[in-house]
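Single-letter residue listing:
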Amino acid sequence: MTEPQWVTDISLSIIPKDWAITLWPFCFYAPNLIDQECVRVHEHYHWKQALSWGVVPWYLVYIVLWPFYRHNIGAHPLEMPAYAKQHQCEQSNKEVESE
């Protein structure tokens, strides 16, 4: 998936610390996360997923599956690829820092 062109990142103090959420067409972040590139990669992935699936179907699938994964959100089928992208970003940043 390519970088989204219309995504709007918004920092809100009402978002709990260390939380971010994509409510299409926006990505909302706790103030401590708005500048974290790899968290933005994760949320932008969700943004693109919703766009490609159709926003309503994506959210319906996410919500229907959520009760089964709420205690292990990283195993949620729609979260797994987003976390993979986030971890890939984090690894790339570590490699650049170590050079």
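Look above for the structure.
Residues numbered from 1 in each chain as written. Predicted model: local features only at pLDDT ≥ 70, side-chain atom pairs only at ≥ 80, totals over all residues. Heavy atoms only, no water.

**Things to note about the packing of aromatic side chains**
Moving on, step 1. Taken as a whole, this structure holds 4 aromatic pairs when the rule is applied.
Moving on, step 2. Aromatic side chains W58 and Y62 sit 5.3 Å apart centroid to centroid with 35 degrees between the ring planes, which places their arrangement in the tilted category. Of this pair, W58 and Y62 both sit in helix α2 (residues 55–69), separated by 4 residues, roughly a single helical turn.
Moving on, step 3. Ring pairs connect the aromatic residues W58, Y59 and Y62, which therefore count as one cluster. (Phe/Tyr/Trp six-rings, centres within 6.5 Å; stacked < 30°, edge-to-face > 60°. Helix = DSSP H or I, 4+ residues; strand = E, 2+ residues; numbered from the N terminus.)

**Concerning α2**
Moving on, step 1. The end-to-end C-alpha distance of α2 is 21 Å, a good match for the 21 Å that 15 residues give at a rise of 1.5 Å each.
Moving on, step 2. Three or more residues of α2 are buried, namely W58, Y59 and Y62.
Moving on, step 3. If you follow the buried residues of α2, they end up packed against β2 (20–23) and α1 (37–53). (Expected span 1.5 Å × (residues − 1). Buried < 20%, exposed > 50% of the residue type's maximum accessible area, 1.4 Å probe, protein only. Contact = heavy atoms within 4.5 Å.)

**Some words on the sheet that holds β2**
Moving on, step 1. If you trace the 3 strands from one edge of the open sheet to the other, you get β1-β3-β2, paired in mixed fashion. Each edge of the sheet is formed by a strand with only one pairing partner; in this case those strands are β1 (8–11) and β2. Across the sheet, the axes of successive neighbouring strands diverge by a mean angle of 20 degrees, strand direction being ignored.
Moving on, step 2. Contacts from α1 reach β1, β2 and β3 (26–29) within the one sheet, and its direction differs from that of β3 by about 150 degrees. (Pairing = 2+ DSSP bridges. Axes fitted to C-alpha atoms, helices over the stretch in contact; angles between N-to-C directions.)

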